[in-house]
Amino acid sequence: MSSSALPGFRDFYPDELARRAHIFRAWRAVARRYAFVEYDGPPLEPLDLYTKKSGDEIVGQLYNFVDKGAREVALRPEMTPTFARMVGARASALRKPVRWFSIPQLFRYERAQRGRLREHYQLNVDIVGEASEVADAELLAVALDVMRELGLTAQDVRARVSDRRLLNGILLTLGVSDAQVPAVYGVVDKCARQPRELSAEKLAKAGIAPELVERILAIASGITFEAVRAEFGEAPAAAEHVARFARYLAHLDALGVGEWVVLDLSIVRGLAYYTGIVFELFDAKGELRAICGGGRYDTLLHSLGGVDLPALGFGMGDVVLGELLNDRGLFPPAGDDAIDFQLVAGNGAGQHSYAEALGLVTTLRRAGFSVAHGLNAERYLGQATRNQVDAAKKAGVSAAIYYREDGTAEAISLLGKMNGALTHTMDAAAALAGEAGVMMGLRDWLQQQRDTARH
RNA sequence: GUGGCUGUAGCUCAGUCGGUUAGAGCAUCGGAUUGUGGUUCCGAGGGUCGCGGGUUCGAUUCCCGUCAGCCACCCCA
């Protein structure tokens, strides 16, 4: 091989692009259904857009370089800083709440592995200017409706939700001191990925009393919201957060996604980033990395030097999602963008010149059909019809079209099994003239062939 | 960045205890004497056996390095 894509980068051959397009279609359809509008920004940004708040250590993860104008630049690793800048620049003019989505290609300089490349596409959905938990519910409903749109069910995907404030309230009620909270977060975040003994050891080291260690680990490794409400619903430090979370769950039910959602207080996600309700989407079998993650980041816009507005959002990448759809066989077979017709010579094709036959092709294309032909006049006139038909079928063509010597043009379905109503005959002169009625009849016939082939 | 496993045709894989021109299936291309069904038959193209070095009369095979991929860490998306 003379060359291949850079490590962690993908070539999208037509089959793969079709799968990507399938995902993008679902993303756009659902985002628009929820009344979000699409935006985009530059894929290349000043390096300091990312180092300003994250520090210089993030540079190790960035695809950065110096451009010919001696500017330090980086391919965008995430969309939020760009989004924050764009919203900040017009904050006072934008109608609130802002409901925007984008499908950026993002880059990271890291070792590639399954579900994790140096480049991916990510649906970003953000809301700015609404502090109510109704917005949190709306946001998660978008993510879950994308799953549904792609054919996944509550049996395939789980939304694990948490709330930093709720966890904080619980910990304070249990007697954890403010100073101990960060250490506890660190343990809780890793709870599922490290041995229980190690977690217990770390909590002990943070000064947590032995009996409390067990309580914390039990809460972190799975507790229902009902249990939380029963135990902490009246506690002064937690009551407000329990009540808010209850309203959140009720809104999720009302939006029709309640059955996907489970409480999981071990979801911490990016200690510095989120301020309220957070969530992650996982495949229910737990085989893959997170499909999607997001939550509320009320202070981020302000800390990035922008306006002081509450905000929330999520990112959903195409890589893990694509693997899940592939595992579940949920990518549609090729066919939605099948070619409508291919010109095929029949008996006595020589009666017409190739140019005449191409006239029919041109007319059909102008009427909106997709039409292929062999691009070789000698082969059109000389190759066995059987071979031409076979080639058309293999190319995914729905119907062969013959330009016959008897003054007719005939379409013959290449879909499904042989049965009646396989052919559609038209007056060649009328077809060549592109008469509306003839074209409409042809379109109806083709649609009918596809409908019957599907069942 | 750390560790483990794996690199043979476009894809999935055989094979070579170190020995002449490295194989199969699928896919691709051409044909089966000009109107038909994902079938069948015939034929063709396609591999510097990841790359570099070492040992050897001889390396795709053994050894070392390197690159890439996968997996687990780290970290996040």
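Here is what the cut-offs are and how they apply
- Numbering of residues begins from 1 in every chain and follows the order in which that chain's sequence is written.
- Written order decides the labels, with chains lettered from A and ligands numbered from 1.
- Only residues with pLDDT of at least 70 are given local features in this predicted model, and only at 80 or more are side-chain atom pairs given and counted; all residues enter the totals for whole chains, interfaces and linings.
- In computing side-chain values, all of the structure's heavy atoms are included and hydrogens and water are not.
- A carboxyl oxygen of Asp or Glu within 4 Å of a side-chain nitrogen of Lys or Arg is what we treat as a salt bridge.
- Should DSSP find at least two bridges between two strands, the strands are regarded as paired.
- Secondary structure elements follow DSSP: runs of H or I of four or more residues count as helices, runs of E of two or more count as strands, with numbering from the N terminus.
- The span expected for a helix works out to 1.5 Å for each residue beyond the first.
- Axis definition: a line fitted to C-alpha atoms, over the contacting stretch in the case of helices. Angles run 0 to 180 degrees between N-to-C directions.
- Nonpolar cores are built from buried Ala, Val, Leu, Ile, Met, Phe, Trp, Tyr and Cys residues. Side-chain atoms within 4.5 Å join them into one set.
- Three labels apply to residues, based on accessible area from a 1.4 Å probe with only protein chains included: buried if under 20% of the type maximum, exposed if over 50%, partly exposed otherwise in between.
- We call two residues in contact when some of their heavy atoms are within 4.5 Å.
- The labels follow the angle: roughly parallel below 35 degrees, roughly antiparallel above 145, roughly perpendicular from 65 to 115, and oblique for the rest.
- Note on convention: the crossing is left-handed when the near helix lies turned anticlockwise from the far helix by less than a right angle, right-handed when the turn is clockwise.
- Any residue outside Ala, Val, Leu, Ile, Met, Phe, Trp, Tyr, Cys, Pro, Asp, Glu, Lys and Arg is labelled polar, Gly included; the first ten of those are nonpolar and the last four are charged.
- Arc definition: it is the arc formed by the directions from the helix axis to the C-beta atoms.

### A closer look at the pattern of salt bridges
Counting across every chain of the model gives 23 salt bridges. The shortest N-O distance in the salt bridge between E38 and R32 comes to 3.9 Å. It is possible to trace a salt-bridge network through shared partners that takes in D163, R165, E240 and R244.

### Re the sheet that holds strand β15 (residues 397-403)
Strand order in the open sheet formed by five strands is β14-β13-β15-β16-β17, with mixed pairing between adjacent strands. Only two strands of the sheet have a single neighbouring strand rather than two, namely β14 (371-372) and β17 (423-427).

### Thoughts on helix α13 (residues 354-366)
Along its 13 residues, α13 runs 18 Å from first to last C-alpha, staying within 8% of the 18 Å computed at 1.5 Å per residue. Trailing α13 by a residue or two, G368 shows a phi angle of about 105°, which is positive.

### Structural notes on the sheet that holds strand β4 (residues 72-75)
The strand order β2-β4-β3 describes an open sheet built from three strands, whose pairing is antiparallel. For this open sheet the edge positions go to β2 (44-46) and β3 (63-66), each flanked by a neighbour on one side alone. If you compare each strand with its neighbour and ignore which way they point, the axes differ by 35° on average. Sheet topology note: the β3/β4 ladder contains four bridges and is antiparallel. Residue V66 lies in a different strand from β4, and its bridge partner there is E72.

### Here's the deal with the nonpolar core
What tends to happen in soluble globular proteins is that the nonpolar side chains get buried as a cluster. Core analysis: the biggest nonpolar cluster contains 82 residues, and L140, M147, L281, I291, F314, M316 and L321 have the highest contact counts within it. In terms of residue count, the dominant contributor to this core is helix α4 (residues 133-149) (10 residues). F314 has contacts with L123, N124, V125, L139, V142, A143, F279, C292, G293 and G294, leaving out every residue within four places of it along the chain. Counting 25 residues, the second-largest nonpolar core is a separate cluster that includes V361, A399, A431 and L446.

### Comments concerning the environment of L75
Along the chain, L75 turns up in strand β4. Sequence separation between L75 and E410 is 335 residues; the distance between their C-alpha atoms is 53 Å. Dropping the residues within four chain positions of it, L75 is found in contact with P43, L44, Y63 and F107.

### Observations concerning the environment of A18
Assignment of secondary structure puts A18 in helix α1 (residues 14-33). A18 sits 314 residues away from P332 along the chain, and the two C-alpha atoms are 9.2 Å apart.

### What about unusual backbone geometry?
Cis geometry marks the peptide bond from K96 to P97; its omega dihedral reads -5°. Phi is positive for A35, which is not a glycine, with a value near 70°. Mapped onto the elements, A35 comes out in the loop between α1 and β1 (37-38). On the accessibility criterion, A35 (48% relative accessible area) is partly exposed.

### Description of the packing of helix α7 (residues 196-205) against helix α8 (residues 210-220)
For the pair α7 and α8, the least separation of the axes is 10 Å and the interaxial angle reads 130°. With respect to each other, α7 and α8 are oriented oblique. α8 is crossed by α7, and the crossing has right-handed handedness. From α7, R196, S199, A200, L203 and A204 reach across to α8, where they touch V213, E214, I216, L217 and A218. Its residues assigned to classes, the contact of α7 with α8 shows seven nonpolar, one polar and two charged.

### Here we look at helix α17 (residues 436-454)
For α17, spanning 19 residues, the distance from its first C-alpha to its last is 27 Å, which sits close to the expected 27 Å at 1.5 Å a residue. Taken residue by residue, α17 has V438, M439, L442, W445, L446, Q449 and R450 as its buried positions. Across the axial projection of α17, the buried residues extend over an arc of 135°, all falling on one side. Projecting away from the buried face of α17 at angles above 90 degrees are the exposed residues A436, G437, M440, D444 and R454.

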